[in-house]
Amino acid sequence: MAELDTLDILVLGVILIGTTAYFTKGTLWGVTKDPYASSFAANAGNKAGRSRNFVEKMDETDKNCIIFYGSQTGTAEDYASRLAKEGKSRFGLNTMVADLEDYDFENLDEVPSDKLVMFILATYGEGEPTDNAVEFYEFIRSDDVNFSNGTSLDNLNYVAFGLGNNTYEHYNSMVRNVDTSLTTLGAHRIGAAGEGDDGAGTMEEDFLAWKDPMWAALAEKMGLEEREAVYEPTFAIVDRDTLTIQSEEVYLGEPNKAHLQGTPKGPFNAQNPFAATIAESRELFNSKDRSCIHMEVDISGSNLSYQTGDHIAVWPSNAGEQVDLFLSILGLTEKRNDVISIKALEPTAKVPFPTPTTYDAIVRYHLEICAPVSRQMVSTLSAFAPTDAIKAEMARLGNDKDYFHEKTEHNLYNIAQFLSAISKGEKWTSIPFSSFIESLTKLQPRYYSISSSSLVQPKKVSITAVVETQALPNQDPFRGVATHYIAALFNKQNQVVKSDPYDLTYQIEGPRGRYNGTHMPVHIRHSNFKLPSDPSRPVIMIGPGTGVAPFRAFVQERAKQAEDGAEVGKTLLFFGSRNAKEDYLYESEWAKYKETLGDKFEIITPSPEQSTQVNELLKKKALFYVCGDAARMAREVNATLAQIIADGRGITAAKAEEVVKSMRAANQYQEDVWS
C-alpha cells in the first residue's frame, strides 16, 4: 500500500471517529357532557373559534404574565409550564402559558408596561423556527413590521430563553434573532437572554443557571416580592367512582375520541397517530449482546405519505416494569385502575390528555417517566418527603449542583428510581399526583430516519433501530423507551422466546388490545434532507452505524432510477461499523445495488485515498450528506471536509471554512444528526 498522506489519514479518521462516536454513545383528549372532562378536545379541535387577541385574553382572565413557547418536541413547552408555576408560587404572578400559533402579535404594543411577556423558544434544525413559531417569527422579523398603534414596542417588558444545540451552525438562532428584533423595536428585555445547549447535554443546568438571576432582575424591575414557595395545584384529581375500566367513555391510553370509539380518522399527524401494521421485521446484527432491528411499517389505508429522506415518528408506551415502579413508590399500585378525571383549576390551563382515565393509563401512555430526574424536580418534591432526614437530603440535592451530579450522574435515575433509592423503598404517599402531570414532560414520539425509498415502496416505511441498552453501576441497565418498545413488537411478531425480560412488560397490544401486538402508532415528519431532483448529480454520504439508515433509502432510490433508465451520478457512501462480522448493516443489499449501479456506486469502509475524489466530486456540485451522532462525528466531518478543500484547492483554512458555509447555505451540505 502506498504511504498515506495527511488527507488520506484525515478521511480515515472521519470514518473511525464517526463509527466510534456512534457505537460508544452513552444513552446510548375529552368526553362530551362530562363535567370533569378535560378541555383537551376543545383546545385541540376548535382553535378557529377562539379569540387570537392574547392581550384581551390576559385581561379576561386577570393575568399579568404570559409565557409563549415555540416547541418542536415538548421541552420548551415543559420549561414554559415550569416557569409559570414558579412565577406563581414564588412571586404571586398570575401567569398563563400560550402556544405561539394560537395568537396574533399585531397588538404586542398594547401590552401594559406593568405586565410581562416571556418567550421560551427552541431552534429547530439549521436555525429554523419550530412549526408552531413560524408565523410569529416571520412577523417579528419582517422589515416593515407594524403594530396596532405604530412600530414601537417601548411599552413591552420581556424575558427570553432559547433551546439550541451547539453542534449546529446556527446555534440558538431563534432566541437570538427574536431578541434582536424585539430590542430593535424598542422593547425592554429583563435580565440576560438565556441559552440552553442540548448538544453539550447541559440544557437543564443552563435553564436553572439562567432563571435564578432572571427572577432577581424581574423582581427588582417590576417590584415583585418573593414569598415562601408553596405548591398550588393547577389541576384537580377527581375520583369517578361510578366508572370502571370497562366503561366505554373511559380513556385507557387512546389519544382522542375517535381512537376511543375504535374508529380512528385522519388526518394522521403529530396530534393523531395512525396504528400502522407491522408488515415484517428482522434482526440485522449477528451478535449475542447487541441488537439492531429492521422493521417495515405499512401505512396503507391512511392519508400518510412520505418522501425519501423523511422521518417516521414512533409513539411508544412506557415499559410495564417502569410503570409498576412509579405507581408502587407513590403508593398507587392498588389504585392503578381507579377511574379519575383531571380538572383544570384555572381557565387558561390545558389538560394534556383526555379524561376520564386511570392512573395506569396516564403513567403508561402520557408521562415521560423514564427520563433522567432533574434537579428542579428534586427540589420541588422535597416538601413531600416521608421523613425530615430525607427532606433535608432532597433540599441539599436540589440546591447544590455539584452534589446532585455527584450522586446521580452515573446512575441515570428516572424519577421513580430516584425516589426509591433516596428513601430506601419507603413510599412517597404525600406527593400530589397533579404535580407529576404539571412537572413531567408529556411522553413524546421518537423520530427515526426512514431507511426506505418512497419511489420503491410508497406505502411501506422502513425503520432501522439499534436497541439501546446501557450498563449502569449497581442497578439495572438504562434502556431506550422506544427502541425496547420496537424490540417488544419484534419479539411478538417473530415469536422470539429468548428476550430481555424487560421487553416482555410492554403493553404492546395497546389500549383495549386494539393493536394486537402487530400494530404501532406512527406519523410522518417531513424533512429537507433530500436527494437532488436531478439524479445525474453526484452525492457523497457519510453515515456510520445506524447513520446509514437514510442512505440505504438514497441508494435504493438511485438504483431504481437507474433501472428506469435515468442517468445516475456518482454515489459515494462512507460507512463504518464496529465489527464487520457482527454489525455490517445491509451488507447483501449493497452488493445488489452495486450490480445495478456499477461504478456509479461505491461504498467505502475505513480505507484511505479518497480525499481527491471527494474534492473533485464537490467541484462537480456533488451534494454532501451527513447522518449520525452530532456531538463528535458531525463536527469532525465538517472540520475534515474544510481541510480537504483547503489542501485540495490550495486555499487557506479560513477560505475553506467559508466554502463549507456557502455549501450549507446553498443546501449542498445537509445533515440529519442527533445528540
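Basis of the calculations
- Numbering of residues begins from 1 in every chain and follows the order in which that chain's sequence is written.
- Per-residue local features are limited, in this predicted model, to residues with pLDDT of at least 70; the limit for side-chain atom pairs, both in listing and counting, is 80 or more; totals at the level of whole chains, interfaces and linings are taken over all residues.
- Where side-chain values are given, they derive from all heavy atoms of the structure, hydrogens and water being excluded.
- Helix and strand assignments follow DSSP, with helices taken as H or I runs no shorter than four residues and strands as E runs no shorter than two, numbered in order from the N terminus.
- Any residue under 20% of the maximum accessible area for its type is buried, any over 50% is exposed, and the rest in between are partly exposed; the area is computed with a 1.4 Å probe on protein chains only.
- Counting of polar contacts relies on pairs of N or O atoms within 3.5 Å, with two restrictions inside protein: one atom must be capable of donating a hydrogen and the other of accepting it, and residues adjacent in sequence are counted only when both atoms are side-chain atoms.
- Residue contacts are defined here by distance: any two heavy atoms, one from each residue, within 4.5 Å place the two residues in contact.
- Every helix has an expected span of 1.5 Å times one less than the residues it contains.
- We define the nonpolar core as a collection of buried residues of types Ala, Val, Leu, Ile, Met, Phe, Trp, Tyr and Cys that are connected through side-chain atoms lying within 4.5 Å of one another.
- To define axes, lines are fitted to C-alpha atoms, for helices over the stretch in contact only, and angles between the resulting N-to-C directions are given on a 0 to 180 degree scale.
- When describing relative orientation, an angle under 35 degrees is termed roughly parallel and one over 145 degrees roughly antiparallel, while 65 to 115 degrees is termed roughly perpendicular and anything else oblique.
- When the near helix sits turned anticlockwise from the far one by under a right angle, the crossing is termed left-handed; a clockwise turn instead gives a right-handed crossing.
- In the scheme used here, Gly and all other residues not listed as nonpolar or charged are polar, with Ala, Val, Leu, Ile, Met, Phe, Trp, Tyr, Cys and Pro taken as nonpolar and Asp, Glu, Lys and Arg as charged.
- Exposure above 30% relative accessible area and the absence of a salt bridge qualify a residue for a patch, where like charges join within 9 Å and nonpolar side chains (Val, Leu, Ile, Met, Phe, Trp, Tyr) within 5 Å.
- Note on areas: Shrake-Rupley, 1.4 Å probe, and residue coverage restricted to the protein chains presented here.
- Salt bridge, as used here: a side-chain nitrogen of Lys or Arg that lies within 4 Å of a carboxyl oxygen of Asp or Glu.
- Charge convention: Lys and Arg are scored as positive, Asp and Glu as negative, and His as well as the terminal groups of each chain are ignored.
- Just so you know, the charge point we use is NZ for Lys, CZ for Arg, CG for Asp and CD for Glu.
- Two strands form a pair only when DSSP identifies at least two bridges running between them.

**Student:** Now, about the side chain of Ser 434: what can you tell me, with residues and values included?
**Tutor:** Topologically, Ser 434 is positioned in helix 15 (residues 433-439). Ser 434 gets classed as buried once you look at its relative accessible area, which sits at 4%. A distance of 2.6 Å separates a polar atom in the side chain of Ser 434 from a polar atom in the side chain of Tyr 231. Look past the residues within four positions of Ser 434 in its chain and what remains in contact with it is Tyr 231, Pro 233, Phe 235 and Ile 237.

**Student:** Before we move on, could you go through helix 7 (residues 203-222) and cite the residues and values that matter?
**Tutor:** Between its first and last C-alpha, helix 7 extends 27 Å over 20 residues, near the 28 Å set by a 1.5 Å rise per residue. Among the residues of helix 7, Met 203, Glu 204, Glu 205, Phe 207, Leu 208, Trp 210, Lys 211, Met 214, Trp 215, Leu 218 and Ala 219 are the ones counted as buried. Against helix 4 (75-91), strand 3 (116-124), strand 5 (157-164), strand 7 (194-197), helix 11 (375-381) and helix 13 (401-408) lie the buried residues of helix 7. Note on helix 7: the residue one or two positions beyond its end, Gly 223, has a positive phi of about 65°.

**Student:** Lay out the side chain of Thr 571 with the relevant residues and their values.
**Tutor:** Here Thr 571 lies in strand 20 (residues 571-574). Only 3.1 Å separates the side chain of Thr 571 from the side chain of Arg 558, close enough to count as a polar contact. When sequence neighbours within four positions are dropped, the list of residues in contact with Thr 571 reads Val 539, Met 541, Val 555, Arg 558, Lys 600, Phe 601 and Glu 602.

**Student:** I'd like to hear about the nonpolar core, residue by residue, with values.
**Tutor:** Judged by nonpolar contacts, the single largest core of 42 residues is most densely connected at Phe 326, Leu 419, Trp 428 and Phe 436. The greatest single-element share of this core, amounting to five residues, is contributed by helix 14 (residues 415-423). Excluding residues within four positions of it along the chain, Phe 436 makes contact with Phe 326, Leu 330, Leu 367, Met 377, Leu 381, Ile 415 and Ile 431.

**Student:** Before we move on, could you go through unusual backbone geometry and cite the residues and values that matter?
**Tutor:** With an omega of 5°, the peptide bond between Gly 266 and Pro 267 qualifies as cis. With respect to the helices, strands and loops of the structure, Pro 267 is situated in the loop between helix 8 (257-260) and strand 9 (274-283). For the bond running from Thr 355 to Pro 356, omega is 5°, close enough to zero to count as cis. Positionally, Pro 356 belongs in the loop between strand 12 (339-344) and strand 13 (357-358). A positive phi angle, close to 50°, is found at Leu 412, a residue other than glycine. Residue position: Leu 412 is located in the loop between helix 13 and helix 14. Even without a glycine there, the phi angle at Gln 495 is positive, about 50°. If you trace the backbone, Gln 495 turns up in the loop between helix 16 (481-493) and strand 18 (519-525).

**Student:** Run through the packing of helix 21 (residues 630-649) against helix 22 (residues 653-665), naming residues and quoting values.
**Tutor:** The packing of two helices is summarised by the inter-axis angle and the distance between the axes. Two elements in contact, helix 21 and helix 22, have axes separated by 8 Å at closest approach and are oriented at 120°. Considering their axes alone, helix 21 and helix 22 lie oblique with respect to each other. As helix 21 packs across helix 22, the resulting crossing turns out to be right-handed. Across the interface between the two elements, Asn 638, Leu 641, Ala 642, Ile 645, Ala 646 and Arg 649 of helix 21 pack against Ala 653, Ala 656, Glu 657, Val 659, Val 660, Met 663 and Arg 664 of helix 22. Residues of the contact of helix 21 with helix 22, tallied by class, amount to nine nonpolar, one polar and three charged.

**Student:** Lay out the environment of Glu 595 in plain terms, naming residues and giving numbers.
**Tutor:** Within the secondary structure, Glu 595 is located in helix 19 (residues 587-597). Expressed as a C-alpha distance, the spacing of Glu 595 and Ala 559, which sit 36 residues apart in the sequence, is 9.1 Å.

**Student:** Let's hear about a negative patch on the surface: which residues, and what values?
**Tutor:** A surface patch of like charges, here negative, comprises Asp 400, Asp 402, Glu 406 and Glu 409. With respect to the helices, strands and loops of the structure, Glu 409 is situated in the loop between helix 13 and helix 14.

**Student:** An account of the pattern of salt bridges is requested, with residue identities and associated values reported.
**Tutor:** Considering all chains together, one arrives at 35 salt bridges under this definition. Between Arg 282 and Glu 280 there is a salt bridge; the shortest N-O distance is 4.0 Å. Residue Arg 282 is classed as partly exposed on the basis of its relative accessible area, which comes to 31%. Owing to a relative accessible area of 36%, Glu 280 belongs among the partly exposed residues under this scheme. Arg 479 is paired through a salt bridge with Asp 500; the nearest N and O atoms lie 3.0 Å apart. Of the two residues, Arg 479 sits in strand 17 (residues 475-479) while Asp 500 sits in the loop between helix 16 and strand 18, which places them 21 residues apart along the sequence. Note on Arg 479: relative accessible area 13%, which makes it buried.

**Student:** Provide a residue-level description of the sheet that holds strand 13, including the pertinent values.
**Tutor:** One open sheet holds the three strands; their spatial order is 8-12-13, and the pairing between them is antiparallel. The open sheet has two edge strands with one neighbour each: strand 8 (235-239) and strand 13. By the bridge criterion, two bridges tie strand 12 to strand 13 in an arrangement that is antiparallel. Bridge pairing links Ile 340 to Thr 357 in strand 13.

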